[in-house]
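Spelled out, the chains give:
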Amino acid sequence: MNKEILSIEIGPGMGPRLDKALAAAVPEEAALSRSRLAKLIAEGSVSREGVAVTDQKTKVAEGEVYQIALEPPKEVETVAQDIPLEVLWEDDDLIVVNKPAGMVTHPAPGTPEGTLVNALLHHFGGNLSGIGGDARPGIVHRIDKDTSGLLVVAKSDRAHHGLAAQFEAHTVHRHYRALCHGVPQASDPRLRGLNGVSFEQGGVLKIVTQLARHKTDRQKQAVVAHGGRHAVTRARTIEDFNGTAALIDCWLETGRTHQIRVHMAYAGHGLIGDQTYGGKRKISEKAVGAAAAEAVRAFPRQALHAATLGFVHPVTGEELSFEAPLPDDMTDLIDALRAASMPPAGGTAP
């Protein structure tokens, strides 16, 4: 297929380097990021008067005209699969979906199919703008395979850049619902003495640590004293189940891998069902009764759901906000815990 040729004239004050000048001069609708431009220059796709310019530090002058040769978006190898999706919003630039637990966000060597991206490629049916030169969905954030809930995915380069910038600036509003062991309380002296843990007004638990890969298990993240990446999580108790478990609202100031799961485990309140970070903690049958204790033991995944998502539409500027109700498995578990926490008529809770 023929390449699209984009002619760019260097305007006043846009120099002196080629890469910076092009970044300032390309029209917004072209949606060419600085990194994409650097790649195009290195590939010889940028020329002046028919001669390729491959050094991004090349000096430029006002009035010079450069041509950028753009390949049409190429199809990626990921196969499109007819997998049902719950779509909350869709337009030409982005889509918001409610991902079920058990679905991986993006294909990887161990899971090349059955992912959200496979489902999206089928859903779009070829009606997809290029992301970084490829005809593929733009994944700007992920949630774990066994976490359910809301994800926004870019369908165009301009949306991809705008969404990525919002996530980088931590201006995207995300709240999660989770079920944890125990109940985080400001009166707990153990929590008060834990580095990075504090309580804010209204009983909000705040956890501030550095997170890095676990030293011995590379599939896990861990709280570290030095190095790593800054991570901030807040959590508020919504419902206390007889002191043995709690439904909590968690929100992120940063978005690190497994952040809520690692932070809640660090605080001693690991998520129910979390096989990676939850440890071997069990709920006593004496505290909640046999039925609720068995419901907790049998819960097959971390009890975590991305419940709300808010951001500014990267193209229209509209403020968007979405909510996804708790999935059935979590509501069933809550019902079991709630029933166990309610004292029978004329008696006390088990």
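Owing to the predicted nature of the structure, the values given are computational and were not obtained by experimental measurement. (Residues numbered from 1 in each chain as written. Predicted model: local features only at pLDDT ≥ 70, side-chain atom pairs only at ≥ 80, totals over all residues. Heavy atoms only, no water.)

Of the regular secondary structure elements, the chain holds nine helices and 18 strands. Overall size of the chain, expressed as C-alpha extent along the three principal axes, is 90 × 45 × 40 Å. Summarising the internal contacts of the chain: among those between residues at least 6 apart in sequence, 65% fall at separations of at least 24. Carbon and sulfur atoms make up 49% of the accessible area of the chain, which amounts to about 17600 Å² in all. (Helix = DSSP H or I, 4+ residues; strand = E, 2+ residues; numbered from the N terminus. Contact = heavy atoms within 4.5 Å. Areas by Shrake-Rupley, 256 points an atom, 1.4 Å probe, with all protein chains shown as cover.)

In this approach a probe as big as a water molecule rolls over the atoms, and the regions it shows empty are the leftover space. Of the volumes computed, that of the largest pocket is approximately 760 Å³. Taken together, 30 residues line the largest pocket, and the ones lying closest to its centre are His141, Arg142, Ile143, Asp144 and Thr257. For the lining of the largest pocket, the elements supplying multiple residues, two or more each, are helix H4 (157-168), strand E11 (173-181) and helix H6 (259-266). Top contributing element to the lining of the largest pocket by residue count: H6, with three residues. Here the residues of the lining of the largest pocket are counted per class, giving eleven nonpolar, ten polar and nine charged. (1 Å grid on protein atoms, 1.4 Å probe; cavity = no way out; pocket = protein on both sides within 12 Å on 5 of 7 lines; lining within 4 Å. Points joined across faces, edges and corners; volume = space filled by probe spheres on them. Nonpolar A, V, L, I, M, F, W, Y, C, P; charged D, E, K, R; others polar.)

This next bit is on the packing of helix H8 (residues 290-298) against helix H9 (residues 328-341). Close contact between H8 and H9 brings their axes to 8 Å; oriented N to C, the two are set at 150 degrees. Of the possible angle classes, the one that applies to H8 and H9 is roughly antiparallel. Where H8 crosses over H9, the handedness of that crossing is left-handed. Here H8 contributes Ala292, Ala295 and Val296 to the contact with H9, which in turn contributes Leu333, Ala336, Leu337 and Ala340. (Axes fitted to C-alpha atoms, helices over the stretch in contact; angles between N-to-C directions. Parallel < 35°, antiparallel > 145°, perpendicular 65-115°, else oblique. Left-handed = near helix turned anticlockwise from the far one by under 90°.)

Moving on, we come to helix H2 (residues 34-42). Taken together, the buried positions of H2 are occupied by Arg36, Leu37, Leu40 and Ile41. In an axial view of H2, the angular spread of the buried residues amounts to 140 degrees, which keeps them on one side of the axis. Residues of H2 that are exposed and point more than 90 degrees away from the buried face comprise Ser35 and Ala42. Structurally, H2 contributes buried residues whose contacts are with helix H1 (18-25), strand E2 (46-48), strand E4 (65-70) and H4. Phi turns positive one or two residues past the end of H2, at Gly44, with a value near 85 degrees. (Buried < 20%, exposed > 50% of the residue type's maximum accessible area, 1.4 Å probe, protein only. Arc of directions from axis to C-beta.)

With that out of the way, let us pick up the nonpolar core. Formed by 32 residues in total, the largest nonpolar core has its most connected members in Tyr176, Ile260 and Met264. In terms of residues, this core owes the most to one element, helix H3 (residues 116-124), which gives five residues. Leave out the neighbours within four places in its chain, and Ile260 touches Tyr176, Thr233, Cys250, Leu252, Leu271 and Leu304. Core analysis: the second largest hydrophobic core is formed by 18 residues, Ala21, Val53, Tyr66 and Leu70 among them. (Core = buried A, V, L, I, M, F, W, Y, C linked by side-chain atoms within 4.5 Å.)

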